[in-house]
Amino acid sequence: MIFGAREISTAALTAADVPSPDGSLEMEREGEFPAIWKFAKTYLPPAALPRELPAFVAQSALARWETEGELPEIGLDGLRLTLWWISEHWRHTQSEGVWERGYPKHAGFARALVTKIHLELYQEESWWWEPDHEPTDEDHWQRALGRSHEGRDVAELYEIAADR
């Protein structure tokens, strides 16, 4: 995997896996990528996904964020797909320049994605149990698998993006 990141399934993702949205977006001196881009690479789109779908979803989300100031409700997989696409776009088109200062809208968008991913995971991990409930590993896995849409079919992702 590029950047030395390991893939993390959306079902297995925890709030602790998400980096600070305030971290740098610029490549470091030794060619190291910052934590946000390393995190983006922990998502790997399904091989069956049409090549144009990630760009379509990401550009639709970016347009909504720029016009309405909010991210669309596309679920954790959709948010991760969008962040992955932004990182790929950045790596292939802007890696030579200072990306964050040159593209502040895209930088703000990337930070908003990381913030929303963390918030969704944190809220889920912190607030869904009864106050005295001690969740079992089975409870955790059932909840995680229930929130993962890695099995979504392609038509559903197109529909979600088109609605935004």
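Structural data are supplied above this passage.
Residues numbered from 1 in each chain as written. Predicted model: local features only at pLDDT ≥ 70, side-chain atom pairs only at ≥ 80, totals over all residues. Heavy atoms only, no water.

**Description of the overall build of the protein**
Looking only at helices and strands, the protein features seven helices and zero strands. Seen in sequence order, the protein has helices and strands lined up from the N terminus as α-α-α-α-α-α-α. Taking contacts inside the protein between residues at least 6 apart in sequence as the whole, the part at least 24 apart equals 77%. Summed over its atoms, the accessible surface of the protein is roughly 9300 Å², and 51% of this surface lies on carbon and sulfur atoms. (Helix = DSSP H or I, 4+ residues; strand = E, 2+ residues; numbered from the N terminus. Contact = heavy atoms within 4.5 Å. Areas by Shrake-Rupley, 256 points an atom, 1.4 Å probe, with all protein chains shown as cover.)

**Observations regarding the environment of Leu-25**
By secondary structure assignment, the location of Leu-25 is in the segment before helix H1 (35-40). Among the residues examined, Leu-25 registers a relative accessible area of 0% and is labelled buried. For Leu-25 and Trp-90, which are 65 residues apart along the polypeptide, the C-alpha to C-alpha distance reads 9.8 Å. Beyond its immediate sequence surroundings of up to four residues, Leu-25 is in contact with Pro-34, Ile-36, Trp-37, Trp-90, Trp-99, Glu-100, Ala-107 and Arg-111. (Buried < 20%, exposed > 50% of the residue type's maximum accessible area, 1.4 Å probe, protein only.)

**Observations concerning the nonpolar core**
With 37 residues, the main nonpolar core has Trp-37, Leu-83, Ile-86, Trp-99, Phe-109, Ile-117 and Leu-121 as its most contacted residues. If you list the elements that add at least two residues to this core, you get H1, helix H2 (53-68), helix H3 (75-93) and helix H5 (104-127). (Core = buried A, V, L, I, M, F, W, Y, C linked by side-chain atoms within 4.5 Å.)

**Some words on the pattern of salt bridges**
If you walk through the whole model with that rule in mind, you get four salt bridges. Between Arg-64 and Glu-70 there is a salt bridge, with its nearest N and O atoms 2.6 Å apart. Owing to a relative accessible area of 38%, Glu-70 belongs among the partly exposed residues under this scheme. Put simply, Lys-116 and Glu-73 hold a salt bridge, and the shortest N to O gap is 2.9 Å. With a gap of 43 residues between them, Lys-116 in helix H5 and Glu-73 in the loop between H2 and H3 connect regions that are remote in the sequence. Through salt bridges that share partners, Arg-64, Glu-68 and Glu-70 make up one connected network. (Salt bridge = Lys/Arg side-chain N within 4 Å of Asp/Glu carboxyl O.)

**Quick look at H2**
Taking 1.5 Å as the rise per residue, H2 with 16 residues should run 22 Å; its terminal C-alpha atoms sit 22 Å apart, in good agreement. Backbone geometry just after H2 places Gly-69 at a positive phi near 75°. (Expected span 1.5 Å × (residues − 1).)

The quantities given are spatial measurements derived from coordinates; they are silent on function.
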